Amino acid sequence: MQRRIFLVAGYNTIALGTGRKEFHPKKERPGIEYYMQEAGRATLKKIGGAGNVDESVVGNFMASRFNNQAHLGAFIPSIDKKLQYKPAMRVEGACASGGLAMISGIKSILAGTADVVLAIGVEVQNTVKAMYGADHLALAGYYKNRKNGHAYFFPGEFSDRAGSYSKTYGDDYARKGMATWYANCIQNARLCETAQEHHNDSEHLFDTGMEAPNAELFVDNLNYADCSKVSDGASSIAIVSEKGLKRVGLPLSEAVELVGFSQVEENIMEPPIDECELSTTKNAVSKVLEMAQITKDELATVETHDCFTIAGVLATEAIGFAAKGKGAQFVADGHTSREGSIPFNTTGGLIGWGHPTGATGVHQAVTIWEQLTHQAGRAQISIPEHKPYGLTVNMGGNDKTVVCMVLKKTTG
Amino acid sequence: MNHHLERYKNISVLGAAGKMGSGILLLNVLHSAKLMHHPDYVGQTFVVNAIDQSFEQLDKLNHYIKDQVTRWAEKNIIWLRKAYNNRPHLIDNKDIIDTFVFEALSLIKPSINIEPTYRSTLIFEAIIENEDVKTKLFKQINDNNPNKPFFLSNTSSIPISVLNDKAELNGNIIGCHFYNPPAVQKLIEVIETENGNPDLTKLVYGFANHMQKVLVPSNDLAGFIGNGFLMRDILYAEKQYNNLKPDMGHNKTILSINTISHELLIRPMGIFQLIDYVGIEVCTYIMKVMNHYLEDELISPLLNKLLSLGIKGGQNPDGTQKDGFFQYSEGDIVGIYDLESKSYISTGDLMEEVKHFLAVKTEAYSWKQLSQSKRAAKHLDNFFSELIKENSIGAKMACNYMRAMKDLGIQLQADGVCSSTEHVNTVMKNGFFHLYGPVNNYI
């Protein structure tokens, strides 16, 4: 890269939704502007105020439907008066909107048009009941496929993937991998105070994950535990150049360095090339590792887009930790747990931390930043000296838009 | 073409704006709206007449039905998407739900006149529990309706054969006793008359099956199983009240028996709270109606006394609980009606004294906890096996209560109200949300 890029001052609001003790579906809840302001102000506070910011970007998927609100870029000045009349914009790429916000900020730094970019991801989805939310989220797919899709469109899409995987490699085999993924996520979420599943104290996580899907009530091949929940939340982080890092006055030890990024698209109008493989993720991961000039074995942790447990299992294969068809075994054997050979989603991921769709890509960056700078609190994992890297994989739609980043622990 | 289904094309619900009638109307609207998607009936006209005494009541009904149909549609969106698969312009869940709600509401034809029923083939009745009023109406409809309509009465206490004979319905009537609220409660008690039309029986079972209801056959004896059990349960509680009151006084006695029947029998509510829920006036009225047809006399001096003081219980139109034996705040008991001061007094300190008096040591899960537990049967088994060993007053009274309820269930069978005590258990579990039937091996 022509300029060094760092991430500093990450922040997550709580992921609000069912499971959080504060959540009550019939009580009034904060609006989207509240989340943007809370997250944005927290990051600004850490970087010496809004005066240090050159421009801002907000990733959001579907405020226009969930909140009847578009034009989110113009909410940025509400975070701080010093952002008034500075550049800001909203970017969208379904559930990869947060990742695209990161990419947008990174490119501004690379272009030299900014040295400090405030990146925010936000989504507030508990404004409608699940069956109507499914309509909104379905817009991440090709609309002409909606009519013949499932009522719960995306669970239906990933149920098809889980069904193909089960059919090819064995039903019980696949289910055990998915159930283990779920149990790991909840256990990790318990360690993170902002996680939606932080209060989940079930003693039967694996059993819950093993429950047979009920097609009459939901989809053919997924149970409710296989799905990330409906979440409200925001995350923010500052993307800075070396010059920007000096400007915000933070030590290098509180920063992680971005050493690679990739963003790829697959044709939304076509069905998945292979239901048992995340082809776009595989492509994006290959590119990001190549750009970072590292191998997967140098990764200390991964934040992957487990909107459904099957997506987590398939990600282990797409990244290359497991051979094709061996991901369920890899997960069931404990490799992806926090004590495993490659801890995934250490604060719960989308299943456990939550999935405010447009915020997820930023949240993933914040989590890796926390881990590599030892600011993850009770969720902190060990970062070995020979593995100073973390990887994010943020997916939009059914593996159609993928954003990856490789972040490196700083020295000095 | 299914002959039984043909009868659903023109239905009338009498008393449609009432508490039970509105639920029965809702079930019929949903049933007919679903039927409209049956391959044999696509494009045909269905009518559900909603008959009641005033347009004001019927207007309110519209809101209730719209709300409930919408909820149903939301819950059944997977089925609905399949049903509307042939309508290409209906794409989003919202499009489909809105269309279904519109089509379902369009079925309802409200009226304050009886004439629309003259073209109906099915008449659901949920009007006042009065033999003369019901039979007069049935006869009028039957005499003016060329379709030989089937009558489905929601009476909870009047023998169906009496209605049949007096209205001269020639066996075209069946007891179809829904539980409140009909749309939610799974249970329907079915009461056939001796020479009833078998086609009508078949139709009711088909309806129940389609609406995923649990049917329990009851013989045609006033009160049937549900009220047959409840009214005698009330009188058993009153008997215990009379035994305990001289030592304990009214307030603590009521609270003690209510606590035993609630917390130690692990029911959704205690017996006196249940009376408040049903309505003190309703309970005494049902006893009165039953007495008219039964040899044994069901009389509650306690309920009559409260009624004479203007204490009625029951529910407000919005579903909230009216004060009765107890005073309520957001559904919780906060006070008890004190017969001496003729006002409500706080239950706070009294409950402490009652708990001390009952002195039960065995810890029980609440009904709410067990109703959501997959291990409820095991917990119940453990709890009752411990309770039975206890010597506390509370444990002994609870065990006696359970024995009395078991005897009551057995007696209902012996009296010919039902052919099996299992039917009693089914009614109490499904109609009253008990976690176990009264005829059990716990005691």
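Everything numeric here is computed off the predicted structure, so don't read it as measured data.

## A closer look at the packing of aromatic side chains
Residues and elements named next belong to chain A. By the definition in use, this model includes 25 aromatic pairs over all chains. Aromatic pair Tyr152 and Phe218: ring centres 5.7 Å apart, planes at 55°, arrangement tilted. With Tyr152 in the loop between α4 (130–138) and α5 (153–169) and Phe218 in the loop between α7 (205–210) and β5 (232–241), this pair connects stretches of sequence that are 66 residues apart. The class of Tyr152 is buried, set by a relative accessible area of 15%. An angle of 15° between the planes, with centres 6.1 Å apart, marks the rings of Phe321 and Phe330 as stacked. As far as burial versus exposure is concerned, Phe321 and Phe330 are alike and both buried.

## Some remarks on the domain arrangement of chain B
A common way to report how large an interface is uses the accessible area buried once the components associate. Residues and elements named next belong to chain B. Entries for chain B in the domain assignment read domain 1 (3–218) and domain 2 (226–431). The C-alpha centroid of domain 2 is placed 33 Å from the C-alpha centroid of domain 1. Facing the 19 residues of domain 1 at the interface are 16 residues of domain 2. When domain 1 packs against domain 2, close to 1,400 Å² is buried across both sides, 54% of that on carbon and sulfur atoms. Inspection of the region where domain 1 meets domain 2 yields zero salt bridges. The interface formed by domain 1 and domain 2 contains five residue pairs in polar contact (both at pLDDT 80 or more). The set of elements that each furnish at least two residues to the side of domain 1 that touches domain 2 consists of β7 (187–191) and β8 (214–218). Broken down by element, the side of domain 1 that touches domain 2 gets its largest block of residues, four residues, from β8. Across the side of domain 1 that touches domain 2, the residue classes tally to eight nonpolar, six polar and five charged.

## Observations concerning the packing of α4(A) against helix α5 (residues 93–106) of chain B
Contact geometry for α4(A) and α5(B): axes closest at 8 Å, N-to-C directions at 140°. One finds that α4(A) runs oblique with respect to α5(B). For the pair formed by α4(A) and α5(B), the contact residues are Met131(A), Tyr132(A), Ala134(A) and Asp135(A) on the first element and Asn93(B), Lys94(B) and Ile97(B) on the second. Taken together, the residues that form the contact of α4(A) with α5(B) break down as four nonpolar, one polar and two charged.

## A few points about the state of the cysteines
Scanning all chains against the criterion turns up zero disulfides over all chains. Considering cysteine sulfurs only, Cys307(A) is the nearest to Cys404(A), which forms no disulfide, with 14 Å between them.

Analysis parameters
Residues numbered from 1 in each chain as written. Chains lettered and ligands numbered in written order. Predicted model: local features only at pLDDT ≥ 70, side-chain atom pairs only at ≥ 80, totals over all residues. Heavy atoms only, no water. Phe/Tyr/Trp six-rings, centres within 6.5 Å; stacked < 30°, edge-to-face > 60°. Helix = DSSP H or I, 4+ residues; strand = E, 2+ residues; numbered from the N terminus. Buried < 20%, exposed > 50% of the residue type's maximum accessible area, 1.4 Å probe, protein only. Domains from an automatic or database assignment. Contact = heavy atoms within 4.5 Å. Buried area = accessible area lost by both parts, 1.4 Å probe. Salt bridge = Lys/Arg side-chain N within 4 Å of Asp/Glu carboxyl O. Polar contact = N/O pair within 3.5 Å; in protein donor to acceptor, adjacent residues only side chain to side chain. Nonpolar A, V, L, I, M, F, W, Y, C, P; charged D, E, K, R; others polar. Axes fitted to C-alpha atoms, helices over the stretch in contact; angles between N-to-C directions. Parallel < 35°, antiparallel > 145°, perpendicular 65-115°, else oblique. Disulfide = S-S within 2.5 Å.

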